[in-house]
Amino acid sequence: MTDLIAVPARKPARPQFSSGPCAKPPGYSPEKLATESLGRSHRAKIGKTRLAYAIDLMREVLQLPDTHRIGIVPGSDTGAFEMAMWTMLGARGVTTVAWESFGEGWVTDAAKQLKLDPTVIRADYGQLPDLTQIDFGTDVLFTWNGTTSGVRVPNADFIPADREGLTFADATSAVFAYDIDWSKIDVATFSWQKVLGGEGGHGVLILGPRAVERLETYTPAWPLPKVFRLVSKGKLAEGVFKGETINTPSMLAVEDAIFALEWAKGLGGLEGLQARSDANAAALSKIVAERDWLGHLAIDEATRSKTSVCLTVEGADADFIKKFAALLEKQDAAYDVAGYRDAPAGLRIWCGATVDTQDIEDLGPWLDWAYATVKAA
Ligand SMILES: Cc1ncc(COP(=O)(O)O)c(C=O)c1O
């Protein structure tokens, strides 16, 4: 397969395959966004109404039970997850479970910033650690879908219902793509720019009742910046979960998220989003199965991501992948398909709901073309 092959005739209509920010919803255009809330105070009636509407839509599309609160916070997914770590950790032991770069980031912060001496359970890229080793008497931090390795937890069955510690799930590339048993999740975070194809900037923080109890009964030993403060006079700041944000949000990003959530609702909500992601992942798996030079980084199919699908390329090093991705970008056939900088050299192709399956199918011949072209060079 080192001979040059012809440039494929048909390009993916939307070459946006980045794993974050991800493709906008099909049919998106900025002109379609509602703009009445722009240029106004976010605390005016219109602003608060739109923020509350975004929260209601997220609850509906996520099928989030009434037991859990959902709020919009600063700093994207990182902001939301750090806010949870800094406000709730330290009350008991901590276990961090990591199998790729973002999970490792939470290990670093628990160990080096909060100095909590966490128990760390790790696996290499492509694998899931042994989840039976987790002590749920401790607070447990994990990433539901490891965006940089394409390995995810298959479900929440590894979490006991009668756990003593809290579970913290960084679910940014997982929500809206998988079924989540919310009774097993005390804290979850995500940002809009993944499965919804929204804009960066804001994080979404989901709190179960046990997390709220922790917030109201425990005060960390360290100081908390204002943007992390969720408690006022010993009580949860309930306003945050009704659209009264801690500080000024981007109403443009909020309107953009509302567009995506209304699109999701129109598809049939969670099931509609999942069906699209499943079809995309299946189309990409077919492409992989038909090529002996492509493989999945995630070894076990049950742990293979349906959103951030990471692929191995036979004989490829970082330089090969750089050239491969640059060729596809130059042709406007595929943008941002190189794997994450800390991951083993390979490809990463977003299969979340905003991507059209036809575009994944049309990508196959372009991967062949780029592979042959780089090999022949
Ligand atoms: C699993 C995971 N956690 C955290 C982040 C960081 O997200 P953000 O840029 O929204 O803070 C990402 C971004 O790709 C991610 O995939």
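Provided above is the structure to which this section pertains.
Here we summarise the structure given alongside this text. Residue numbering note: each chain is counted from 1, following its sequence as written. pLDDT decides what is reported in this predicted model: residues at 70 or higher carry local features, side-chain atom pairs at 80 or more are listed and counted, and totals for whole chains, interfaces and linings draw on all residues regardless. To obtain the side-chain values, all non-hydrogen atoms of the structure were used and water was disregarded.

**Thoughts on the sheet that holds strand 12 (residues 294–296)**
Taken together, three strands build an open sheet; the order of strands is 12-13-14 and the sheet is antiparallel. Where the open sheet ends on each side, the last strands, each with one partner, are strand 12 and strand 14 (347–350). Strand-to-strand, the axes of this sheet are offset by a mean angle of 35 degrees, without reference to chain direction. Strands were regarded as paired on the criterion that DSSP finds at least two bridges between them. Working definition: helices are DSSP H or I runs of at least four residues, strands are E runs of at least two. Numbering for both runs from the N terminus. For strand 13 (residues 308–313) and strand 14, the ladder comprises four bridges, and the chain directions are antiparallel. When the bridges of strand 14 are listed, Leu311 appears paired with Leu347. Sitting on the sheet, helix 6 (residues 270–289) is in contact with strand 12, strand 13 and strand 14, with an inclination near 130 degrees to strand 12. Any two residues having at least one pair of non-hydrogen atoms within 4.5 Å are treated as being in contact. Whenever a helix is involved, its axis is fitted only over the stretch in contact; in every case the axis is a line through C-alpha atoms, and angles between N-to-C directions fall within 0 to 180 degrees. Here helix 8 (residues 357–376) sits on the sheet in contact with strand 12, strand 13 and strand 14, set at roughly 165 degrees to strand 14.

**A closer look at the pattern of salt bridges**
Here a salt bridge means any side-chain nitrogen of Lys or Arg lying within 4 Å of a carboxyl oxygen belonging to Asp or Glu. Taken as a whole and assessed by the stated rule, the structure comprises 19 salt bridges. Close ionic contact of Asp356 with Arg14 constitutes a salt bridge, the shortest N to O distance being 3.3 Å. Taken together, the residues span a long stretch of sequence, with Asp356 in the loop between strand 14 and helix 8 and Arg14 in the segment before helix 1 (45–62) at a distance of 342 residues. Of the residues examined, Asp356 reaches a relative accessible area of 23% and is grouped as partly exposed. The shortest N-O distance in the salt bridge between Arg291 and Asp368 comes to 2.6 Å. Burial classification: accessible surface area is computed with a 1.4 Å probe over protein chains only, and a residue below 20% of its type maximum counts as buried, one above 50% as exposed, and the rest as partly exposed.

**Remarks on the site of the ligand**
Definition of nearness: a residue and a molecule or strand are near each other if at least one heavy atom of the residue lies within 4 Å of the molecule or strand. In the region of the ligand, the neighbouring residues are Ser76, Asp77, Thr78, Phe102, Thr143, Asn145, Thr147, Asp170, Thr172, Ser191, Gln193 and Lys194. Between Ser76 and the ligand, the recorded distance is 2.5 Å, taken from a side-chain N or O atom to an oxygen atom. Using a 2 Å cut-off from the grid points, one finds that the ligand occupies the largest pocket. If one sorts the elements of the shell around the ligand by residue count, helix 2 (residues 76–88) sits on top with three residues. In terms of residue class, the shell around the ligand is made up of one nonpolar, eight polar and three charged. Pairs of N or O atoms within 3.5 Å make up the polar contacts considered here, provided that, within protein, one atom can donate a hydrogen while the other can accept it, and that residues adjacent in sequence are counted only when both atoms are side-chain atoms. Here a cavity denotes grid points, spaced 1 Å and computed from the protein atoms alone, that fit a 1.4 Å probe unable to get out, and a pocket denotes an open set having protein on both sides within 12 Å along at least 5 of 7 lines; residues with an atom within 4 Å of a point are the lining. Molecules are considered to sit inside a cavity or pocket once more than half of their atoms lie within 2 Å of its grid points. The residue classification treats Ala, Val, Leu, Ile, Met, Phe, Trp, Tyr, Cys and Pro as nonpolar and Asp, Glu, Lys and Arg as charged. All others, Gly included, are polar.

**Re empty space enclosed by the protein**
Grid points are joined across faces, edges and corners, and a volume is the space filled by probe spheres set on the points. Using the criterion set out here, one finds one cavity of 30 Å³ or more in the structure. The volume enclosed by the largest cavity comes to roughly 30 Å³. For the largest cavity, the full set of lining residues is Ile72, Val73, Pro74, His202, Thr245, Ile246, Asn247 and Pro249. No other element matches the three residues that strand 1 (residues 69–74) contributes to the lining of the largest cavity. Split by residue class, the lining of the largest cavity holds five nonpolar, three polar and no charged.

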